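What follows is the residue order along each chain.
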Protein chains: 2
Amino acid sequence: MIRYEQKNLHPWINDDVLKALQPQVESACELLASRKGPGGDFIGWYDPSKVVPAAELDAIKEASKRIQDQSELLVTVGIGGSYLGARAVLEGLPWDEASENGVDIDFAGHHMSARDTEMLLDHLDDYEVSINVISKSGTTTEPAIAFRLLKAYMEDRYGKDEAKNRIYATTDAKKGALRKLATEEGYATFVIPDDVGGRFSVLSPVGLLPIAAAGFDIDALLAGAMDSFKTYGASTDVLTNDCLRYAASRVALYRQGKAIEILSTFEPAFHYLIEWWKQLNGESEGKNRSGLFPAGCEFSTDLHSMGQWIQEGQRNAFETFLIEEKPSASVVVPDTGDDLDGLAYLAGRELSEINLEAWKGVSLAHYDGGMPNSSLIVESMTTRTMGELIHFFERATGISCYLQGVNPFDQPGVEAYKANMFALLGKPGFEAQAQALRARL
Amino acid sequence: MIRYEQKNLHPWINDDVLKALQPQVESACELLASRKGPGGDFIGWYDPSKVVPAAELDAIKEASKRIQDQSELLVTVGIGGSYLGARAVLEGLPWDEASENGVDIDFAGHHMSARDTEMLLDHLDDYEVSINVISKSGTTTEPAIAFRLLKAYMEDRYGKDEAKNRIYATTDAKKGALRKLATEEGYATFVIPDDVGGRFSVLSPVGLLPIAAAGFDIDALLAGAMDSFKTYGASTDVLTNDCLRYAASRVALYRQGKAIEILSTFEPAFHYLIEWWKQLNGESEGKNRSGLFPAGCEFSTDLHSMGQWIQEGQRNAFETFLIEEKPSASVVVPDTGDDLDGLAYLAGRELSEINLEAWKGVSLAHYDGGMPNSSLIVESMTTRTMGELIHFFERATGISCYLQGVNPFDQPGVEAYKANMFALLGKPGFEAQAQALRARL
């Protein structure tokens, strides 16, 4: 159950502002549910019970058990949505949610840093390793390079036959280079559904295999997403449906001139959840020379970094807090028998309780500084509430984009750098572009 | 030697735009060098040779050797500038720059997450541990709580006498709770200079002790800062002095309506260097309801996340690339004997060379999308060039703020959350404020 507190958005956002958006919200809900809006072919994520067929889900669980039997470490190879979703869940969940036989997960193929890649390859020998390569096409440069390296490593270390047994491919059902290779080599394979784009794919095999291999309960994750699907799909009333309320509020704030949304948390483990959210929103909304700039803060850390700007800088942003109210971890401030550090009044108290008061104090301080803010509050972060939160954000993104009149599900701008990079790297077929670019360097 | 490429800022920035700022730049340089501008009492960082007296520098080196002899892990306790500077250097430098006897460094005291703190405390038993607690006052809530926990842990594990031998305090020369405690307990101590604020303190004992303990050459780091101090202090000409050119360009872009500066890199190891830069700029400039919003991107990762927004989103930002041209790491793309993944044209080539072409392609693609960008290029990231880069950014921040007419060296907004937090936590003396806040929750 997600709670949404919005008091600190007043007067920028109030019920009248939202009520005026009700017709647009209804239209946006209809576009999403009917799959008739722009990008409608990519709304397969919408009903979480229909993303992965039962047989595929069983196969994922079996494969994850096999990975746990054969390995200590699973290296997933992927970029964008084939990377961030799994990482957000894996690092955002407390470890006591995972079963003890879960493997460690490492991430490759999302950059081309020689330093980082060298370090990854150097420490693989310390573990028994399996690989999950995730790519719709199999030809995206960054993951394809990493997979070349890791495939060579695996075959060298384990021999060609055993390597095949340890490589799992998540890819297109029928076409593409990775599907072809997987068929030739006999890798176990999982399907990236045609109607689910990368940044909406965490609850598909893309995210589910590494999450299951790490020992988390993917049924609970999907059940949480179903909770959210039902709760926030039950009505189109912007005033009482918190997902719609959040979506409409952020759009209204953007229309009022706010250019930046800062997703702030007090839990460093949510770092990659925020990174996932940044992709989800930046890539969905950032088009047609419009769109909120999504940013993240981790407090207290960033209260002593970005805090000054948020408190007193340019007033062109708003803040959304992502709060876990009752973490399972317990740390008590020790009594030192004195008050030299001025903390005697905190002795014996739970750190998580102090952290929660910090959030309340910060939200009011930022509000008083002219930074409108609202809070999404999860009671405890469990596998199930993680699923709920993921689907909440996915729906909010879809609704926000339709309110703004942009296609939430394409990313045409991502091709621009690729074409330039191909040209500069001398890829066959890009000779003319290469010449034009070189003249400009 | 830092190279500054600015071609992709045209036409937003050209020589005429910059020339018109020359009088303001001269005034800003004079305010900084004379220490007569706002915040002039905090420009102690300006001449890197005068920040740490020779005897203190020797003491830091001796202490770092002692830490290396007694421990495998040094936990530094600090927040803001007492945290980010050291982490930026430690993670930003390649490990082959460190001597083999360097210890691992962990960071505590910059948040109040029970989950993260529990994990830290849980794994300390696996190592021989020393502590470096860094706080001007000793009463800042976050590091003071962490230090209570770690002091109790150390005394419990090693006994009170040996614990004293393993705790190092970096604090005010004379006053404050931590100075008092350190004197009473007999900790080795190091001085946070009065004229150096937190975010400018990495080249003071604050950063130097953990950096030295990790095995890096702090003389080389300081020599690099001196290189920068001399190079960019030699003239006040905005057209030929790259540090002034960078500072003036970013201010001119802000005045043209750009609200966000994105510092982008292609090296994930620069993550904390970017975080340090975000504090340096956000906390210096974000005041008087003005100031650029500093953000960071790590490519290729974020090309498949924030890349869409940068390419086609709202045109209210500009980008600065932080590039390492020749990393020491070497990884070669393997030849697979086929071209199934379309990468045959890359077989046998160095990953770092490919990464460099990606930067060139990206910078042109973003420029063509209407995103002005420039690049700061370091040939190889060494301890010395790291020092150079740090001082380059510090000077650029000071100059930018004086150009904007704000005090670069205060952070009045950081107090607001603290007062609210104290009140809500029931700190004696905050009763009235507590009542007022509770009524608003």
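Keep in mind the model is a prediction, meaning the values are calculated, not measured. (Residues numbered from 1 in each chain as written. Chains lettered and ligands numbered in written order. Predicted model: local features only at pLDDT ≥ 70, side-chain atom pairs only at ≥ 80, totals over all residues. Heavy atoms only, no water.)

A. Just the pattern of salt bridges, in detail. Residues and elements named next belong to chain A. Counted according to the given criterion, the structure contains 62 salt bridges over all chains. As a salt-bridge pair, Lys151 and Glu185 come within 3.4 Å of each other at their nearest N and O atoms. With Lys151 in helix α6 (residues 141-158) and Glu185 in helix α8 (residues 177-185), this residue pair connects regions lying 34 residues apart in the sequence. Each member of the pair, Lys151 together with Glu185, is buried. Ionic pairing is found between Arg384 and Asp227, a salt bridge with its closest N-O pair at 2.7 Å. Of this pair, Arg384 sits in helix α15 (residues 383-404) while Asp227 is found in helix α10 (residues 218-233), placing the two residues 157 residues apart along the sequence. On the accessibility criterion, Arg384 (41% relative accessible area) is partly exposed. Here Asp227 falls in the partly exposed class, since its relative accessible area comes to 24%. One network of salt bridges, with partners in common, ties together Lys151, Glu155, Lys160, Lys164 and Glu185. (Salt bridge = Lys/Arg side-chain N within 4 Å of Asp/Glu carboxyl O. Helix = DSSP H or I, 4+ residues; strand = E, 2+ residues; numbered from the N terminus. Buried < 20%, exposed > 50% of the residue type's maximum accessible area, 1.4 Å probe, protein only.)

B. Quick peek at the relation of the copies chain B and chain A. Laying chain B over chain A is done by rotating through 180° and shifting 0.0 Å along the axis; what remains is an RMSD of 0.0 Å. This pairing of chains is accounted for by a two-fold axis. Among all C-alpha atoms of chain B, that of Ala295(B) lies closest to the rotation axis, at 3.7 Å. A shared binding surface is used by both copies, with 100% of the interface residues of chain B retained as interface residues in chain A. (Least-squares fit on C-alpha atoms with pLDDT ≥ 70 in both. Contact = heavy atoms within 4.5 Å.)

C. Geometry of the side chain of Thr171(A). All names here are of chain A. Secondary-structure assignment places Thr171 in strand β5 (residues 167-171). For Thr171, a relative accessible area of 0% translates into the label buried. At 2.7 Å, the side chain of Thr171 and the backbone oxygen of Ser135 are in polar contact. (Polar contact = N/O pair within 3.5 Å; in protein donor to acceptor, adjacent residues only side chain to side chain.)

D. Representation of the sheet that holds strand β4 (residues 129-134) of chain A in the model. Residue and element names in this part refer to chain A. Across the sheet, 5 strands lie side by side as β3-β2-β4-β5-β6; this open sheet has parallel pairing. Lying at the two open borders of the sheet, with one neighbouring strand each, are β3 (104-108) and β6 (188-191). Averaged over all adjacent pairs, the angle separating strand axes in this sheet is 20°, with direction ignored. Here strand β2 (residues 73-77) runs beside β4; their pairing, made up of 5 bridges, is parallel. Looking across to β4, one finds that Val77 is bridged to Val133. Across the sheet, helix α4 (residues 81-92) lies against β3 and β4, angled at about 150° from β3, the strand it touches most. (Pairing = 2+ DSSP bridges. Axes fitted to C-alpha atoms, helices over the stretch in contact; angles between N-to-C directions.)

E. Geometry of the domain arrangement of chain A. Residue and element names in this part refer to chain A. Here chain A is partitioned into domain 1 (2-34 + 222-409) and domain 2 (48-216). One C-alpha centre belongs to domain 1, the other to domain 2, and the line joining them spans 30 Å. The partner domain 2 presents 23 residues to the 26 residues of domain 1 that form the contact. Here domain 1 and domain 2 share an interface that buries about 2,200 Å² over both sides, 68% of which is from carbon and sulfur atoms. Taken together, the connections running from domain 1 to domain 2 amount to 1 salt bridge. Across the salt bridge formed by Arg199 and Glu283, the nearest N and O atoms sit 3.1 Å from each other. One can count 6 residue pairs in polar contact (both at pLDDT 80 or more) joining domain 1 with domain 2. (Domains from an automatic or database assignment. Buried area = accessible area lost by both parts, 1.4 Å probe.)

F. Just the sheet that holds strand β7 (residues 260-265) of chain A, in detail. Residues and elements named next belong to chain A. Here we have 5 strands laid out as an open sheet, ordered β1-β10-β9-β7-β8, and mixed in their pairing. What marks the edges here is a single partner per strand, and that holds for β1 (2-5) and β8 (293-298). Taken pair by pair, the neighbouring strands of this sheet meet at an average axis angle of 20°, ignoring direction. Sheet topology note: the β1/strand β10 (residues 373-378) ladder contains 4 bridges and is antiparallel. Residue pairing for β10: Glu5 is matched across the bridge by Ser375.

G. Representation of the packing of aromatic side chains. All names here are of chain A. Evaluation of the coordinates by the stated rule reveals 45 aromatic pairs over all chains. A centroid spacing of 6.4 Å and a plane angle of 85° characterise the contact between Phe147 and Tyr187, whose relative ring orientation is edge-to-face. Placement of Phe147 in helix α6 and of Tyr187 in the loop between α8 and β6 is noted, with a sequence separation of 40 residues between them. Considered together, Phe147 and Tyr187 belong to a single accessibility category, that of buried residues. (Phe/Tyr/Trp six-rings, centres within 6.5 Å; stacked < 30°, edge-to-face > 60°.)

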